[in-house]
Amino acid sequence: MLIVLIMPIVQIILFGFAITTEVRNAKVAVFDPSCDIETQRIKQRIDASSYFTIAQNLTDYNQINDVFKKGKINIVVVFSKDFANNLLHTGDAAIQIVADGSEPNQASTQVGYLSQIFASYQQELLEQYHVPFRIVPNTKMLYNPQRKDAYNFVPGVMGIIMILICAMMTSIAIVREKELGTMEILLASPIKPIYIIFAKMIPYMVLSLVNLTTILLLSIFVLGVPPGNLFWLVIISILFIFLSLSLGLLISTLVSTQAAAMLSSAMGLLVPTLLLSGIIFPIESMPVILQDISVIVPARWYITAIRKLMIQGVDVQYVLKEFAILSIFAVILMTVSLKKFKIRLM
Amino acid sequence: MLKYLLEKEFKQIQRNPFLPKMILFMPIMMMLVLPWAANQEIKGIQLSIVDHDHSTLSERLIHKIPSSGYFKLTNISQSNEEALESIDSGKSDIIMEIPNHFERDLYTSSKAPIMISANAVNGMKGGLGSQYLGNILSNYSENLREEAGMISRQTSIPQCKIIPEYKFNPYLDYKVFMVPALMVMLLTMLAGFLPALNIVGEKEKGTIEQINVTPIPKSIFILAKLIPYWIIGFVVLTICFIIAALVYHLIPVGNLFLICIFAAVYIIVVSGMGLVISNYSDTMQQAMFVMWFFIMILILMSGLFTPISSMPDWAQKITIFNPLRYFMQVMRQIYLKGSGFLDLLPHFIALCSFALFLNLWAVLSYKKSS
């Protein structure tokens, strides 16, 4: 039982600090056959940025393959010969960036940052030469100026933990009684079946509320995520907890062994929640079929709503759609599972 | 002795209504669906434009943007408030604001600002989006310069071409990145969860007592539990190889045999971990949750989804104790880069020591008397 209380804490800390896709200190190897003032300056720029550290100087172009195979270097920068001279006079200077495409995301981000470094260097040179028609972009990051990944992940973690604790644990707990035979005793007693169900659900509801509180406290005070619209955040979370409990109940009416309950809630709930709700992978990038499937994943709507309410801090009027969808889900699931709950044993 | 125990295990697996199906279908399902879903590529960024200038140059800039392919122009707003509201309601991700006198400034003072505001809840999307937009802008000013004919390419404008090249995966296909890692995940889940549930299952049913009263030594008992999962692991791996080759046309650049050697050691590592956990748990529910908890952390900290190099230093140190991390790197390096055994020797040693340690622990922690 302890683990259920510790899990959210560990997950929040993990997600908050360790699970990031930010580029930090990527190891750069440089092949610089010209070694002149300009390349020295550019290299200094690269090394000075917090994204990169220059880890190795290559002496031969053919070494590139080897350093990648050893897996110690993330990206290689190759300067063309006679760089400074070409840069200033012939316009033939070139920088080649060789990235490790086996990690596509990192590769494209790293290439982006390196190009930015080169571009700003070039921009400064242009500045000195008074070139016309310069458009200067003035960028502002809304809601998350430091671009912390935690802002993106915290709503997701909330979704996973709710599904896990409410749905998975409820279903297992009810099926366990079936498997052990104690359900028979309960059903034979004069207690109404609906009370049995509620008595099973309420402890898990309390547990998830405790977890919700710890998650919120941790993310606000440790991770520095803004609380946003706290009142509606809590309301919609309670709605989602209720929905997950009904899901768990539904599963428990469909299966008869604990192992089956675990596997079906893992396969039927956890995997879709992890993958199709936009926690790690943006829904817009998926193929259309999967985008359509993701519509029936309740966590998707919950997480969207939490992102809006918590991080963007918008008013409830912007999440009415998510609210409505979650309510419909909850009502349908609850009715179906209460209908299916068998009062008699086979 | 071992022979009879193995016979028992295989009969149990065979007669289980659930297990054989799962061993077959889970890898197939996951390998077919996951690589499509697991895509962190950023595209289709929704852009909202506020044009205060309404000049020829600003119009042309607006027309240029959709042709880049990164952006979907959602609306051209009249005011900043309207644009901000479209971000609040999730209709757009980035606002580009063209200020008053944009054209005049470009002609007279030769430089003009453009305001970009990105929704950075997803930091990567915001960052990349504004970067792409910046590229388009500098491209546009380049165009203007060329048109004005003010500068031929030979005069003294410092110029430098930047040529990116992506090794091992030239089109940055995300599936190539995910498929080898998925194999690791599947092996971990199947070869880790199933043994964890196994011994506890016997405890719950009470059949473990029957084994405890026989003269079977502890190590033989554990071995008899390990070997079936080792074989299951290889069945799963074979299915994965076939799907990877047929569906994703992904054939290891390196040696397939080398992958098998590493996998053989790795399955022993995770099964051993499952057995240790099941030795310490009393109910299946408990075993399941503990295992789930560990596997979740191990997977997240293995570099499967997010790179280890992005983690803070303390987290990077923790990953040294994560067997998944080593196998994940091995798979990607052999599959995509074709690394050889010598490149991966440290990984091999690490995995072997994990295997030895965890299985010794499993043998020692299995108590025949309660």
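Please read these numbers as outputs of a predicted model, since none were measured by experiment.

(A) Local environment of the overall build of chain A. Assigned secondary structure in chain A consists of 13 helices and five strands. The C-alpha radius of gyration of chain A comes to 27 Å, more than 25% above the 20 Å expected for a compact globule of 346 residues. In terms of principal-axis extent, the alpha carbons of chain A reach across some 95 × 45 × 40 Å. Counting across all 346 residues of chain A, residues that qualify as buried make up 42%. Considering only contacts within chain A whose residues lie at least 6 apart along the sequence, 78% involve residues at least 24 apart.

(B) Focus on the overall build of chain B. Check the secondary structure of chain B and you find 14 helices and five strands. Over its C-alpha atoms chain B spans a radius of gyration of 29 Å, topping by over 25% the 21 Å that the globule rule assigns to 370 residues. In terms of overall dimensions, chain B has C-alpha extents of about 95 × 45 × 40 Å along its principal axes. Relative to its full complement of 370 residues, chain B shows a buried share of 45%. Taking as baseline every contact in chain B between residues at least 6 positions apart, the subset at least 24 positions apart corresponds to 79%.

(C) Structural context of the domain arrangement of chain A. When cut into domains, chain A gives domain 1 (19-129) and domain 2 (150-340). For domain 1 of chain A and domain 2 of chain A, the distance between their C-alpha centroids amounts to 46 Å.

(D) Summary view of helix α2 (residues 37-48) of chain A. Helix length check: α2(A), at 12 residues, gives a terminal C-alpha distance of 16 Å against a target of 16 Å (1.5 Å per residue), a fit within 8%. Buried residues in α2(A) make contact with β1 (26-31), β2 (52-58), β3 (75-79), α4 (83-90) and α5 (104-129) of chain A.

(E) Structural view of the pairing of strand β2 (residues 71-77) of chain B. Residue and element names in this part refer to chain B. Strand direction decides the pairing type here: strand β1 (residues 45-51) and β2, joined by six bridges, are parallel. Residue pairing for β2: Ser48 is matched across the bridge by Asn75. Regarding topology, helix α3 (residues 56-64) serves as the crossover connection from β1 to the parallel β2, and that connection is right-handed.

(F) Structural context of the sheet that holds β1(B). Strand order in the open sheet formed by five strands is β5(A)-β4(B)-β3(B)-β1(B)-β2(B), with mixed pairing between adjacent strands. The sheet is open, and its two borders are formed by β5 (134-142) of chain A together with β2 of chain B, each paired with just one other strand. Within the sheet, the average angular offset between the axes of one strand and its neighbour, ignoring direction, is 25 degrees. Direction of pairing for strand β3 (residues 94-98) of chain B relative to strand β4 (residues 111-119) of chain B: antiparallel, over a ladder of four bridges. Across the sheet, the residue bridging to Met96(B) is Ile116(B), located in β4(B). Each of β5 of chain A together with β1, β3 and β4 of chain B is contacted by helix α6 (residues 123-148) of chain B, which is oriented at about 170 degrees to β5(A), the strand it contacts most.

(G) Geometry of the confidence of the model for chain B. Across chain B, pLDDT averages 84, with 96% of residues at or above 70. Interface predicted TM-score (ipTM) for the complex: 0.72; the corresponding pTM is 0.78.

(H) Representation of the domain arrangement of chain B within the structure. Considered domain by domain, chain B is made up of domain 1 (2-39 + 172-365) and domain 2 (45-148). For domain 1 of chain B and domain 2 of chain B, the distance between their C-alpha centroids amounts to 49 Å.

(I) View of the sheet that holds strand β5 (residues 160-167) of chain B. In space, the five strands of this open sheet follow the order β2(A)-β1(A)-β3(A)-β4(A)-β5(B), with mixed pairing throughout. In this open sheet, the two edge strands, each paired with only one partner strand, are β2 of chain A together with β5 of chain B. Between one strand axis and the next, the sheet turns through 25 degrees on average, direction left out of account. Of the pairings in the sheet, the one linking β1(A) to β3(A) comprises four bridges and is parallel in character. What sits directly across from Val30(A), in β3(A), is Val77(A). Taken strand by strand, α2(A) contacts β1, β2 and β3 of chain A, and its axis lies near 135 degrees from that of β2(A). Packing against the sheet, α5(A) makes contact with β1, β3 and β4 (93-100) of chain A together with β5 of chain B, and its axis sits at approximately 160 degrees to β4(A).

(J) Structural context of the interface of chain B and chain A. The interface of chain B with chain A comprises 92 residues on the first partner and 92 residues on the second. Among the elements of the structure, α2 (19-37), α4 (80-88), β4, α6, β5, α7 (174-205), α11 (284-300) and α13 (323-337) of chain B are those that each provide at least two residues to the side of chain B that touches chain A. Take the side of chain B that touches chain A: its biggest share by element is 16 residues, from α6(B). Here the residues of the side of chain B that touches chain A sort into 50 nonpolar, 28 polar and 14 charged.

(K) Main features of the nonpolar core. Core analysis: the largest hydrophobic core is formed by 176 residues, its most contacted members being Leu182(B), Leu186(B), Leu187(B), Val269(B) and Met331(B). Listed in part, the 25 residues of the second largest apolar core include Val28(A), Ile46(A), Val77(A) and Ile95(A).

(L) Spatial organisation of unusual backbone geometry. Here the phi dihedral of Asp82(A) falls at roughly 55 degrees; this positive angle occurs in a residue that is not glycine. With respect to the helices, strands and loops of the structure, Asp82(A) is situated in the loop between β3 and α4. In this structure Asp82(A) comes out as partly exposed when scored by C-beta crowding, with 15 C-beta atoms within 10 Å. Phi is positive for His54(B), close to 50 degrees, though the residue is something other than glycine.

(M) Focus on the environment of Met328(B). All names here are of chain B. By the element assignment, Met328 lies in helix α13. Expressed as a C-alpha distance, the spacing of Met328 and Leu258, which sit 70 residues apart in the sequence, is 14 Å. Excluding anything up to four places from it in sequence, Met328 contacts Ala181, Val184, Ser302, Gly303 and Leu304.

(N) Quick peek at the environment of Gln329(B). By the secondary structure assignment, Gln329(B) is in helix α13. What makes Gln329(B) buried here is the crowd of 21 C-beta atoms within 10 Å. In this view, Gln329(B) contacts Gly71(A) and His347(B); residues no more than four positions away in its chain are not counted.

(O) Representation of the environment of Ser302(B) within the structure. Residue and element names in this part refer to chain B. On the secondary structure map, Ser302 appears in the loop between α11 and α12 (313-318). Judged by C-beta crowding, with 23 C-beta atoms within 10 Å, Ser302 ranks as buried. Between the alpha carbons of Ser302 and Met328 there is a distance of 7.0 Å; along the sequence they are 26 residues apart. When residues no more than four places from it in sequence are discounted, the contact partners of Ser302 are Asn322, Leu324, Arg325 and Met328.

The rules we used
- Residues numbered from 1 in each chain as written.
- Chains lettered and ligands numbered in written order.
- Predicted model: local features only at pLDDT ≥ 70, side-chain atom pairs only at ≥ 80, totals over all residues.
- Helix = DSSP H or I, 4+ residues; strand = E, 2+ residues; numbered from the N terminus.
- Rg over C-alpha atoms; globule rule 2.2 N^0.38 Å.
- Buried ≥ 20, exposed ≤ 12 C-beta atoms within 10 Å, placed from the backbone.
- Contact = placed C-beta atoms within 7 Å.
- Domains from an automatic or database assignment.
- Expected span 1.5 Å × (residues − 1).
- Pairing = 2+ DSSP bridges.
- Right-handed = clockwise from strand over helix to strand, strands pointing away.
- Axes fitted to C-alpha atoms, helices over the stretch in contact; angles between N-to-C directions.
- pLDDT = per-residue confidence, 0-100.
- Nonpolar A, V, L, I, M, F, W, Y, C, P; charged D, E, K, R; others polar.
- Core = buried A, V, L, I, M, F, W, Y, C linked by C-beta atoms within 7 Å.

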